[in-house]
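Survey of secondary and tertiary structure
Chain residues, written in single-letter form:
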Amino acid sequence: DAGVIQSPRHEVTEMGQEVTLRCKPISGHDYLFWYRQTMMRGLELLIYFNNNVPIDDSGMPEDRFSAKMPNASFSTLKIQPSEPRDSAVYFCASSAQIKKEQYFGPGTRLTVT
Amino acid sequence: AQKVTQAQTEISVVEKEDVTLDCVYETRDTTYYLFWYKQPPSGELVFLIRRNSFDEQNEISGRYSWNFQKSTSSFNFTITASQVVDSAVYFCALSEAGLNDYKLSFGAGTTVTVRA
């Protein structure tokens, strides 16, 4: 079975540009999570969805960040405009039920110059 | 307050040595879940184990074993006869049953380096 798929794996962009990260969860999983990992702050939950509906976006750092899940097999995390402090690895994860183990994608390493 | 504490930042061992990673958690819930994840140098996060608060049985999976002790709020992880491929960052995580029941609170991670 395919795991969580994320694209792109690496993204380098200039400050002020729009960045869109993509995620395809494991088929049949009802929950989708977006995390950010930095050396300073470790792993942070940004937002999560249940059955395509955003449940809690309290971890989203600023209005520059937005996330959507138009269907059960696709989600995007958008940063507009991007800033150098957004540089991090962004992970998408999915799980079959709440409190069950989350399976992570390979991550997208974002560098904003 | 830190809910999951992994006091060991880095551990370095020689191949075939055993290594134990400590994890101490903090929660007021009686129902909660504990996890271990592995992050190898390639960067992905790999799920290793999930434990619920009602199951204190220790578990062994190959060279991996886990010791869950509610009395000390610890969920320690031991790698027996370590191998170079075990080199990774290991994260302990907690999921509570309260209002934020969706959230995985991760520890800071322990970097394990296994030298040949």
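All of the points below concern the structure found in this document. (Residues numbered from 1 in each chain as written. Chains lettered and ligands numbered in written order. Predicted model: local features only at pLDDT ≥ 70, side-chain atom pairs only at ≥ 80, totals over all residues. Heavy atoms only, no water.)

In this structure, Leu21, Leu34, Trp36, Trp66, Phe75, Phe77 and Tyr90 of chain B are the most contacted members of the largest nonpolar core, which totals 23 residues. For this core, the secondary-structure elements that each account for two or more residues are β2 (10-14), β3 (19-21), β5 (32-39), β8 (64-69), β9 (74-79), β10 (88-96) and β12 (110-115) of chain B. The leading source of residues in this core is β10 of chain B, at four residues. Ignoring sequence-local partners within four residues, the contact set of Leu21 of chain B consists of Gln8, Ile11, Trp36, Asn76, Phe77, Tyr90, Thr110 and Val112 of chain B. Judged by nonpolar contacts, the second largest core, of 21 residues, contains Leu32, Phe49, Phe65 and Val112 of chain A. (Core = buried A, V, L, I, M, F, W, Y, C linked by side-chain atoms within 4.5 Å. Buried < 20%, exposed > 50% of the residue type's maximum accessible area, 1.4 Å probe, protein only. Helix = DSSP H or I, 4+ residues; strand = E, 2+ residues; numbered from the N terminus. Contact = heavy atoms within 4.5 Å.)

Here we take up the state of the cysteines. Tallied over the entire structure, the rule returns two disulfides over all chains. One disulfide bridge connects Cys23 of chain A with Cys92 of chain A, the sulfur atoms lying 1.8 Å from each other. Given an S-S torsion of about -65 degrees, the disulfide between Cys23 of chain A and Cys92 of chain A has left-handed geometry. In this pair, Cys23 of chain A sits in strand β3 (residues 19-24) while Cys92 of chain A sits in strand β9 (residues 88-95), placing the two residues 69 residues apart along the sequence. In this structure, Cys23 of chain A and Cys92 of chain A share a single accessibility class: buried. Paired through a disulfide, Cys23 of chain B and Cys92 of chain B show a sulfur-sulfur distance of 2.0 Å. (Disulfide = S-S within 2.5 Å.)

All right, on to the interface of chain B and chain A then. The interface is formed by 18 residues belonging to chain B together with 18 residues belonging to chain A. Where chain B meets chain A, there are one salt bridge. For Glu101 of chain A, the salt bridge identified is with Arg50 of chain B, shortest N-O distance 4.0 Å. Where chain B meets chain A, there are two residue pairs in polar contact (both at pLDDT 80 or more). Residue assignment for the side of chain B that touches chain A shows that the elements contributing at least two residues are β5, β6 (46-52) and β10 of chain B. Considering each element in turn, the side of chain B that touches chain A owes the most residues, four residues, to β5 of chain B. Of the residues assigned to the side of chain B that touches chain A, the class counts are 10 nonpolar, three polar and five charged. (Salt bridge = Lys/Arg side-chain N within 4 Å of Asp/Glu carboxyl O. Polar contact = N/O pair within 3.5 Å; in protein donor to acceptor, adjacent residues only side chain to side chain. Nonpolar A, V, L, I, M, F, W, Y, C, P; charged D, E, K, R; others polar.)

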